[in-house]
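# Coordinate inspection notes
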Amino acid sequence: MVISRIPPTIPPSVILPAVLRDLDPRSRRALLWSIGDAALFSVMEGLSAGSLLLYAIAQGMPTLIVGLLASFPLFAGSVSQLLSPALERLCGSRKGAVLAGGLLHALSWGAVPLTGQLDGTAREVALLAVVCAGTVGWFLTLPSWSSWMGDLVPPRIRASYFAWRAVLPQLFSFGGILVMGEWLMRRPGAGPGAFHALFLMAAGARALSLLCLLFQHEPAVGVFPEEAELPPEARPGDLGRVTTFFSAFHFSLFLVAPYFHPYMRVVHMDYRTIAWLTAISFPAKLLALPFWARAAGRRGHRWVVLASGTGTALLPCLWILSADWRYLLAVQILNGFVWAGIELCEIPYLLQLTRPGERTRRFSGYFAIRSLSGCLGAVAGDGLLLKNAWIQRL
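Along each chain, residues carry numbers from 1 onward, in the same order as the chain's sequence is written. Whole-chain, interface and lining totals are the exception, using all residues; otherwise, since this is a predicted model, local features are given only for residues with pLDDT of at least 70 and side-chain atom pairs are given and counted only at 80 or more. For side-chain calculations, the full set of non-hydrogen atoms in the structure is used, while hydrogens and water are omitted.

We now examine the pattern of salt bridges. Two side chains carrying opposite charge are able to pair once their charged atoms lie near each other. Between Lys or Arg on one side and Asp or Glu on the other, a salt bridge is scored when a side-chain nitrogen of the former is within 4 Å of a carboxyl oxygen of the latter. Per the stated rule, a full pass over the model turns up eight salt bridges. Close ionic contact of Arg 362 with Glu 358 constitutes a salt bridge, the shortest N to O distance being 3.1 Å. Throughout this description, buried means an accessible area under 20% of the type-specific maximum (1.4 Å probe, protein chains only), exposed means over 50%, and partly exposed covers the range between. Its relative accessible area of 14% is what places Glu 358 among the buried residues. Residues joined by salt bridges that share partners form a network here, namely Arg 94, Asp 151 and Glu 218.

Only residues whose relative accessible area exceeds 30% and that form no salt bridge are eligible for patches; like-charged ones are grouped when within 9 Å, while nonpolar side chains (Val, Leu, Ile, Met, Phe, Trp, Tyr) are grouped when within 5 Å. Here the accessible surface of atoms and residues is derived via Shrake-Rupley with a 1.4 Å probe, and residues count as covered only by protein chains that are part of the display. A surface patch of nonpolar side chains, about 500 Å² in accessible area, is lined by Phe 72, Phe 75, Val 79, Phe 251, Leu 372 and Leu 376. Each helix is a run of DSSP H or I of at least 4 residues and each strand a run of E of at least 2, with the numbering of both proceeding from the N terminus. Only helix 3 (63–80) and helix 16 (359–388) provide two or more residues apiece to the nonpolar patch. For the nonpolar patch, the element with the highest residue contribution is helix 3, accounting for three residues. Residue placement: Val 79 occurs in helix 3.

What follows deals with helix 4 (residues 84–91). Restricting attention to buried positions, one finds in helix 4 the residues Ser 84, Pro 85, Leu 87 and Glu 88. Buried residues of helix 4, seen end-on, are gathered within an arc of 160° and therefore sit on one face of the element. Residues Arg 89 and Leu 90 are exposed on helix 4 and point more than 90 degrees away from its buried face. Of the residues flanking the end of helix 4, it is Gly 92, one or two places downstream, whose phi is positive at about 85°. The arc in question is formed by the directions pointing from the helix axis toward the C-beta atoms.

The next point concerns the state of the cysteines. Note on disulfides: each one is a pair of cysteine sulfur atoms within 2.5 Å. The tally for this structure, following the rule as stated, stands at zero disulfides. Cysteine Cys 375 is unpaired, with the sulfur of Cys 132 as its nearest cysteine sulfur at 9.6 Å. The class for Cys 375 is buried, based on a relative accessible area of 3%.

Helix span is expected to be 1.5 Å times the residue number reduced by one. Taking 1.5 Å per residue, 19 residues should reach 27 Å; helix 10 (residues 238–256) reaches 28 Å between its end C-alpha atoms and fits that length. What helix 10 keeps buried is the set Asp 238, Leu 239, Val 242, Thr 243, Phe 246, Ser 247, Phe 249, His 250 and Leu 253.

We now examine the packing of helix 13 (residues 281–299) against helix 15 (residues 325–352). Each packed pair of helices is defined by two parameters, the angle between the axes and the distance between the axes. Whenever a helix is involved, its axis is fitted only over the stretch in contact; in every case the axis is a line through C-alpha atoms, and angles between N-to-C directions fall within 0 to 180 degrees. Close contact between helix 13 and helix 15 brings their axes to 7 Å; oriented N to C, the two are set at 45°. Classified by the angle their axes make, helix 13 and helix 15 are oblique. Handedness of the helix 13/helix 15 crossing: right-handed. Residues Ser 281, Ala 284, Lys 285, Ala 288, Leu 289, Phe 291, Trp 292, Ala 293 and Ala 296 of helix 13 lie in contact with helix 15, whose contacting residues are Gln 332, Ile 333, Asn 335, Gly 336, Phe 337, Val 338, Trp 339, Ala 340, Gly 341, Glu 343, Leu 344 and Cys 345. Ten residues, namely Ala, Val, Leu, Ile, Met, Phe, Trp, Tyr, Cys and Pro, are considered nonpolar, four, namely Asp, Glu, Lys and Arg, are considered charged, and the remaining ones, Gly among them, are considered polar. In terms of residue class, the contact of helix 13 with helix 15 is built from 14 nonpolar, five polar and two charged. Roughly parallel refers to an angle under 35 degrees, roughly antiparallel to one over 145, roughly perpendicular to one between 65 and 115, and oblique to any angle outside these ranges. By the definition used in this description, the sense in which the near helix is turned from the far one sets the handedness, with an anticlockwise turn below a right angle giving left-handed and a clockwise turn giving right-handed. Two residues form a contact once any of their heavy atoms are found within 4.5 Å.

Glancing now at the side chain of Asp 37. Tracing the chain through its elements places Asp 37 in helix 2 (residues 25–58). In this view, Asp 37 contacts Trp 145, Arg 165, Arg 206, Ser 209, Cys 212, Leu 213 and Gln 216; residues no more than four positions away in its chain are not counted.

Next up on the list: the nonpolar core. Residue types Ala, Val, Leu, Ile, Met, Phe, Trp, Tyr and Cys, when buried and joined through side-chain atoms within 4.5 Å, form a set referred to as a nonpolar core. Counting 89 residues, the largest nonpolar core has Leu 31, Leu 69, Leu 127, Val 153, Tyr 161 and Leu 344 as its most contacted members. With 13 residues, the top contributor of residues to this core is helix 2.

So, about the packing of aromatic side chains. Paired rings are identified among Phe, Tyr and Trp, the last through its six-membered ring, by centres lying within 6.5 Å, and are further divided according to the angle between planes into stacked (under 30 degrees), edge-to-face (over 60) and tilted (the rest). A complete count under the given rule lists 17 aromatic pairs for this structure. When the ring of Trp 292 is compared with that of Phe 337, the centres are 5.9 Å apart and the planes differ by 45°; the resulting orientation is tilted. Remark: Phe 337 occurs in helix 15 and Trp 292 occurs in helix 13; sequence separation between them is 45 residues. A ring pair is formed by Tyr 366 and Phe 367, whose centres lie 5.1 Å apart and whose planes are at 70°; its orientation type is edge-to-face. When sorted by exposure, Tyr 366 lands in the same class as Phe 367, which is buried. Positioned above the aromatic ring of Trp 303 is the side chain of Arg 299, whose terminal nitrogen or guanidinium carbon lies 4.6 Å from the ring centre. When the NZ atom of lysine or the CZ atom of arginine is within 6 Å of a ring's centre and also within 35 degrees of its normal, the charge is said to sit over that ring.

Here it is as structure tokens:
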């Protein structure tokens, strides 16, 4: 089903302001606050997610702990998503569930520096527990947040709105990662304190993103009459097939994704180079968004998911050809272009395949299976690393 048809000559950034003006003021404010939430969440990710494994490696933690940090929080978060409907009932609303999980997520990043006050095994176990708690808080919110957004964003503007919503996050992720790299480069002798400051800044960014969520209202479930029934194009079993596709996708993704930063340290890249190689994909995503938004308008979200998902699965193979940073910079630009399609269309495509009243329940199962597949991929990656022990050369 084509949710939003966008003329190929007009980019989404031109269409969106006019669409927002057609909405009632309350909905327009909520969608603008949602963009702020996405931007601040991206700052948190830029400052923290890329530096966590680097922090563990810099602290001399064993290979097993580094591997567990890459995989076990995913497992805990995957299982926790099955509890999303229960959390929603406990909190009384989707918004309450999202705020509760987000608060736990923010507090966990603030607690990471406290684990540094411990020694030996106690420090490693405490760090793993805190990261697991934060991942659980984050993953618990995904089904409720997706259902909430489904009732906030009118179907006719979803393609253009989600394209525009992704603009600021790409810029803020880019900036956050560069700040992380420069911060660590300029404090080579600062020890764990430099990392702790990054984690505290990440906690602050996550807390501010919660304020943006707080200012959004929660509409009633199923406010758009056109979504009362699934579109004629939706076939029985489509959601199952999409779940299988994304589960296989996330298995292959997490087989390698958590280990790009350790690999770059193995080949003796400094923190600034690592930051640039990580960050360059975000402006590439930004430039790719109009292309994928037009493709979604012409051919539908399913086509974009298949095209970009297939391309993304093949990209890690390019890393084995050379460790030269200039070559990898080009690979990462291509990676950002392809990834933009997945990030733009996954949620709108899922909304297209589900009825409003059943979204939290169905999304909890979808995200749990998808995340568990990613966890299994990371565990398989752990096994490969432990067997070959290349990370011990750090």
